[in-house]
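Remarks on the overall topology
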Amino acid sequence: RLNQNLRETHGYTYGANSSFAMRRMAGPFTAGASVQSAKTDSALIEFMRELRRIRDETVPATEIDKAKAYIALGFPGNFETTGGAAAQFRDLLTYGLPLTFYATYVQRVNAVTAADVQRVARAYLDPDHFAIVIVGDRTQIEAGLRALNEGPISIRDLWGQEVR
């Protein structure tokens, strides 16, 4: 959705994405894109719109079917190289998964419903409490971002120190 919106519909970026980073405990959710400086505020509006929409609206069947096909059809590629296969087996050990985990992976992906997507989005995505990090030319983007009023803005230098 993010890529479709920001790249295909608006032309703000060559690519936008989001993902949950898997860890033994809860990992972070991240979403990102490199956008044209002049469109930073507009891109943020679209990011927030899509991240709220995934919680508030049921994903259409055609969209969820396309996503499931993308995951299922790409799955064998995870085992194409020695390094790729090793990474998959490392994950079994890291997460304490059974050796049979991958035997039913595609079935489990195909079993995901639109209700599952919305339930997980509501449980784990809270756009009103995101930490939003934007990097760019402050003189070009600050005013537009402040006008959005998405929350307090903190300006940091290259070492993460607050600029006053």
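Right, let's walk through the structure included here. (Residues numbered from 1 in each chain as written. Predicted model: local features only at pLDDT ≥ 70, side-chain atom pairs only at ≥ 80, totals over all residues. Heavy atoms only, no water.)

**Description of the packing of helix α2 (residues 40–56) against helix α6 (residues 114–124)**
- Where α2 meets α6, the axes come as close as 7 Å, and the angle between the chain directions of the two elements is 120°. Our classification of the angle between α2 and α6 gives oblique. In contact with Ile54, Arg55 and Asp56 of α2, α6 contributes Val117, Gln118, Ala121 and Arg122.
- Counted by class, the contact of α2 with α6 contains 3 nonpolar, 1 polar and 3 charged residues. (Axes fitted to C-alpha atoms, helices over the stretch in contact; angles between N-to-C directions. Helix = DSSP H or I, 4+ residues; strand = E, 2+ residues; numbered from the N terminus. Parallel < 35°, antiparallel > 145°, perpendicular 65-115°, else oblique. Contact = heavy atoms within 4.5 Å. Nonpolar A, V, L, I, M, F, W, Y, C, P; charged D, E, K, R; others polar.)

**What about the side chain of Glu46?**
- For Glu46, the position within the fold is in helix α2.
- There is a polar contact of 2.9 Å between the side chain of Glu46 and the side chain of Asn5.
- Setting aside anything within four residues of it in sequence, one finds Glu46 in contact with Asn5, Leu6, His10 and Tyr12. (Polar contact = N/O pair within 3.5 Å; in protein donor to acceptor, adjacent residues only side chain to side chain.)

**Comments concerning the packing of aromatic side chains**
- Per the counting criterion, the structure on display carries 10 aromatic pairs.
- Seen in terms of ring centroids, Phe101 and Tyr102 are 5.1 Å apart; in terms of plane orientation they differ by 75°. Their pairing is edge-to-face.
- The buried category is assigned to Tyr102, whose relative accessible area is 14%.
- On the numbers, 6.1 Å between centres and 55° between planes, the contact of Phe101 with Tyr105 is tilted.
- The ring of Phe101 is capped by Arg108, whose NZ or CZ atom sits 4.2 Å from the centre of that ring. (Phe/Tyr/Trp six-rings, centres within 6.5 Å; stacked < 30°, edge-to-face > 60°. Buried < 20%, exposed > 50% of the residue type's maximum accessible area, 1.4 Å probe, protein only. Lys NZ or Arg CZ within 6 Å of the ring centre and 35° of its normal.)

**Re helix α7 (residues 138–148)**
- Taken residue by residue, α7 has Ile141, Glu142, Gly144 and Leu145 as its buried positions.
- Tucked into the core, α7 has its buried residues touching α2.
- Immediately beyond the C-terminal end of α7, within one or two residues, lies Asn149, with a positive phi of roughly 55°.

**Concerning the layout of surface pockets**
- The calculated volume of the largest pocket comes to roughly 2,400 Å³.
- Forming the walls of the largest pocket are 48 residues, and the residues nearest its centre are Ser18, Ser19, Phe20, Met22 and Ile71.
- Every element with two or more residues in the lining of the largest pocket is listed here: α1 (2–9), β1 (13–20), α2, α3 (61–74), α4 (82–94), α5 (105–110) and α6.
- Counting residues per element, the lining of the largest pocket draws most heavily on α3, at 8 residues.
- Each residue belonging to the lining of the largest pocket can be placed in one class, and the counts come to 28 nonpolar, 9 polar and 11 charged.
- Looking at the second largest pocket, its volume works out to about 830 Å³. (1 Å grid on protein atoms, 1.4 Å probe; cavity = no way out; pocket = protein on both sides within 12 Å on 5 of 7 lines; lining within 4 Å. Points joined across faces, edges and corners; volume = space filled by probe spheres on them.)

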